[in-house]
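# Architecture at a glance
Residue strings, one per chain:
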Amino acid sequence: MMSQRVKNAFVDTALVGTIVLLLIFFYAPIVTLVAFSFTSSRVLTFPIEGFSLEWYGELIAKPDFFPAVINSAIVAAVSTVIATVLGTAGAIAWIRYYFRFRTLFRIVTFAPLLFPQLLLGVVMLLWFSVLGNWLNFSAGLATVIIGHVVYITPFALVIVAVQVYGFDETLEDAARDAGANRWEVFREITFPLLWPGIFSAGIFAFLLSWGNFYVSYSLSGTDRTLPIFVYSGIAVGSSPIYPALATLNFIPALILVGLAEFMRRRALRRQNAAQPLS
Amino acid sequence: MKSQRKTWNDPVLVAAVMPLALVMLVFFLIPLAMTVVLTFQTTQYYRLNWTWDLKIWTEIFSKPHYWTIMLRTVGMALICVAISVVIAYPAAYALTTRLKTYNTQIQILIIFAFLTDAVLKTFGWILVLDRNGVANWLLSYLGFGPEALDILFTPTGTMIGMVYNLAVYPMFTIYLSLARLDRDLILASYDAGASRIRTFFEVTLPLSKPGLYSGAVLVFVLSLGAFLEPKVLGGGTSPLASELIRQSFETRVNWPLGAALTIVLIAIGALTLALAAGFVFRRTPSRRGEPA
């Protein structure tokens, strides 16, 4: 009996240990970047020599930094809105409706998730180049946005679909019985109940777009987004301005993720609590 | 939740399905078809000739150079799958069965690490793995001598980056299938006198196989396109398929070749997906009907 208890304690420790090790693994580069952003030395060797904020100044002083920030912001804002709207509509169709060609619709809308991003970018680049030859346009922010929408919408769809799945449709019936028309039912019942899922899908979409390298790399032409700015910068030589940029990136992102997850989980818990006993 | 049956005359269905379906048709399916068509074209003086030619395909099938790199890519992908699954399974299991109190916080930390800029994170690994980096400092502090770890700009460096960027996928799929698992089955197994370890191997593990398989397939397919990791952490010493594709577009400006290599990679991925789908679909339902 004792040996069984020892064995169980061992398994418990091992499992908790896995999580701890996993978090260390996931955060090793992230924490390292944050630490290096405050170095006073130009070379990135550990241990860090002294504390300074000069690399933040150096980063901001780079002439192609702000254009990249603005490009990233435009791309992320526009593709977030489009991907979230398309993903929400798609999620409702995925889960709630049964229609002809539904399987085909599900496969096609899910497929980009199973595609290596590099190949997705290449395939679209080829198409835009051929199309650009015919219609006389070249790759730029617009093509990046389209690429991000194709890549990110399936993620948004899956997140909203979880919310749709837990949806209590009797509430809609009740509203309809009370005389609400279709639009009123959507505005007053469906949308508010799905909102936490839509909101967190939006945050996911924003961060995926903001940090996206592969799709932008293929489709951005001469317009640079932030990840491209970093990629072409570290190809030339490392500098403490990239850790500084990473730190500026991480803090708002962590707050956004925390907020989105908190809202979504609270709503799911409430939904489960409100579920009638069957 | 039950599905409502809708016909295509219903404007609600059209509004929900059509915009997304059109985007995917015009910007995903047609480009894919276009890529296939492009593989049959030829280039002359860096310009496309619209013909119908098998030149590129004969070139690809006759040069072992391409297949060496493709094989290396598949090999790296398989190793990445094995490591990712071995890391992901216990972590997902621990998240569903232990650590209930900190579950939300841990998941937020994992999601955040997954969502942030991959270029920056990969650059962070340089700082960790460098000869004068954090890992070596830590190892020499622990008494392993100076510069004990020299894996930056080697295939091992690439692998660390790939596992880092992809292990989250099987964590999610396994977590989902473990979270959906019926607790009563496990309790029934305990009641029948099975130990915790036996219950795990005979009840929990078989029932979580769909999550395990789908996670493994995801990692495999996505790692076929790994580009940042071999470039930044592998130092370009042993290029993978992605580098080959990049070169044929950027350096050689040979679009049909790049398109063909892309199609070869997609075919490898699609074949794996089809095999896995067949495997999972055949396996899972039969389990339910199995006699005890």
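Computed from a predicted model, the values in this text were never measured in an experiment. (Residues numbered from 1 in each chain as written. Chains lettered and ligands numbered in written order. Predicted model: local features only at pLDDT ≥ 70, side-chain atom pairs only at ≥ 80, totals over all residues.)

### Concerning the overall build of chain B
- Counting secondary structure elements, chain B contains 14 helices and three strands.
- Considered along the principal axes of its C-alpha atoms, chain B spans approximately 75 × 70 × 35 Å.
- Looking at chain B as a whole, 41% of its 292 residues are labelled buried.
- Sequence-distant contacts in chain B: of pairs separated by 6 or more residues, those separated by 24 or more amount to 70%. (Helix = DSSP H or I, 4+ residues; strand = E, 2+ residues; numbered from the N terminus. Buried ≥ 20, exposed ≤ 12 C-beta atoms within 10 Å, placed from the backbone. Contact = placed C-beta atoms within 7 Å.)

### Here we look at the overall build of chain A
- Helix and strand counts for chain A stand at eleven helices and one strand.
- In chain A, the order of α-helices and β-strands from amino to carboxyl end is α-α-α-β-α-α-α-α-α-α-α-α.
- A compact globule built from 278 residues would reach a C-alpha radius of gyration of about 19 Å, whereas chain A, at 23 Å, exceeds it by more than 25%.
- A burial count over chain A gives 42% of its 278 residues as buried.
- Sequence separation of 24 or more characterises 79% of the internal contacts of chain A that already satisfy a separation of 6 or more. (Rg over C-alpha atoms; globule rule 2.2 N^0.38 Å.)

### Observations concerning the confidence of the model for chain B
All names here are of chain B.
- On average, residues of chain B carry a pLDDT of 85, and 94% of them reach 70 or more.
- Considering only residues more than four positions removed or in separate chains, one finds that residues 286-292, a stretch of pLDDT under 50, has one contact.
- Among the prediction metrics, the complex's ipTM stands at 0.86, with pTM recorded as 0.88. (pLDDT = per-residue confidence, 0-100.)

### Examining the UniProt feature "domain: ABC transmembrane type-1" (unreviewed entry) in chain B
- Here, UniProt's "domain: ABC transmembrane type-1" (unreviewed entry) annotation points to residues 70-276 of chain B.
- As annotated, residues 70-276 of chain B comprises 76% helix and 0% strand, and the C-alpha atoms at either end are separated by 20 Å. (UniProt positions renumbered as here; feature names shortened; annotations may be inferred.)

### Looking at the UniProt feature "domain: ABC transmembrane type-1" (unreviewed entry) in chain A
- UniProt records the feature "domain: ABC transmembrane type-1" (unreviewed entry) at residues 69-260 of chain A, using the numbering of this structure.
- With 81% helix and 1% strand, the stretch residues 69-260 of chain A has end C-alpha atoms that lie 23 Å from each other.

### Observations concerning the UniProt feature "transmembrane region" (unreviewed entry) in chain B
Residue and element names in this part refer to chain B.
- Under the UniProt annotation, "transmembrane region" (unreviewed entry) lies at residues 12-40, 74-96, 108-128, 148-176, 211-228 and 257-281.
- Between the C-alpha atoms that bound residues 74-96 there is a distance of 32 Å. The span itself is 100% helix and 0% strand.
- End-to-end, the C-alpha atoms of residues 211-228 are 27 Å apart, and along that stretch the chain is 78% helix and 0% strand.

### A closer look at the UniProt feature "transmembrane region" (unreviewed entry) in chain A
- When the UniProt feature table is mapped to this numbering, "transmembrane region" (unreviewed entry) covers residues 12-38, 73-95, 107-128, 140-168, 189-210 and 241-260 of chain A.
- Taken as a whole, residues 140-168 of chain A contains 86% helix and 0% strand, while its terminal C-alpha atoms sit 43 Å from one another.

### Looking at the interface of chain A and chain B
- Counting residues at the interface gives 74 residues for chain A and 75 residues for chain B.
- No other element matches the 16 residues that helix H1 (residues 2-36) of chain A contributes to the side of chain A that touches chain B.
- When grouped by side-chain class, the residues that make up the side of chain A that touches chain B number 56 nonpolar, twelve polar and six charged.
- Summarising the sheet, strand S1 (residues 97-98) of chain A and strand S1 (residues 4-5) of chain B pair through two bridges and their orientation is parallel. Within S1 of chain B, the position partnered with Tyr97 of chain A by the bridge is Gln4 of chain B. (Nonpolar A, V, L, I, M, F, W, Y, C, P; charged D, E, K, R; others polar. Pairing = 2+ DSSP bridges.)

### A word on the confidence of the model for chain A
- Scored by pLDDT, chain A comes out at a mean of 87, with 97% of its residues at no less than 70.
- Of all secondary-structure elements in chain A, the lowest mean pLDDT belongs to helix H11 (residues 241-274) of chain A, at 82, while helix H3 (residues 65-96) of chain A reaches the highest, 94.

### Here we look at the nonpolar core
- Counting residues in each nonpolar core, the largest one holds 156 residues, and the members touching the most others are Val160 of chain A together with Ala92 and Met171 of chain B.
- Of the residues forming this core, the biggest block, 13 residues, is contributed by helix H6 (residues 141-165) of chain A.
- Sequence-distant contacts of Met171 of chain B, that is, excluding residues within four places in its chain, are made with Ala88, Ala91, Ala92 and Ile110 of chain B. (Core = buried A, V, L, I, M, F, W, Y, C linked by C-beta atoms within 7 Å.)

### A word on unusual backbone geometry
Residues and elements named next belong to chain A.
- We note that Phe101 has phi near 70°; this positive angle belongs to a residue other than glycine.
- Along the chain, the position of Phe101 falls in the loop between S1 and helix H4 (102-110).
- One non-glycine residue, Asn136, lies in positive phi territory at about 65°.
- Mapped onto the fold, Asn136 is located in the loop between helix H5 (117-135) and H6.

### Brief notes about helix H9 (residues 183-191) of chain B
- Within H9 of chain B, only zero of the nine residues are buried, which leaves it mostly out in the open.
- Gly193 of chain B sits one or two positions beyond H9 of chain B and adopts a positive phi of about 95°.

### Description of the packing of H5 of chain A against helix H1 (residues 11-38) of chain B
- The N-to-C vectors of H5 of chain A and H1 of chain B enclose an angle of 80°; their axes lie 8 Å apart at closest approach. As the angle between them shows, H5 of chain A and H1 of chain B are arranged roughly perpendicular. Every residue of H1 of chain B that contacts H5 of chain A at Val123, Met124, Leu126, Trp127 and Val130 of chain A is listed here: Phe27, Ile30, Pro31, Leu32, Met34, Thr35 and Leu38 of chain B.
- Here the residues of the contact of H5 of chain A with H1 of chain B sort into eleven nonpolar, one polar and no charged. (Axes fitted to C-alpha atoms, helices over the stretch in contact; angles between N-to-C directions. Parallel < 35°, antiparallel > 145°, perpendicular 65-115°, else oblique.)

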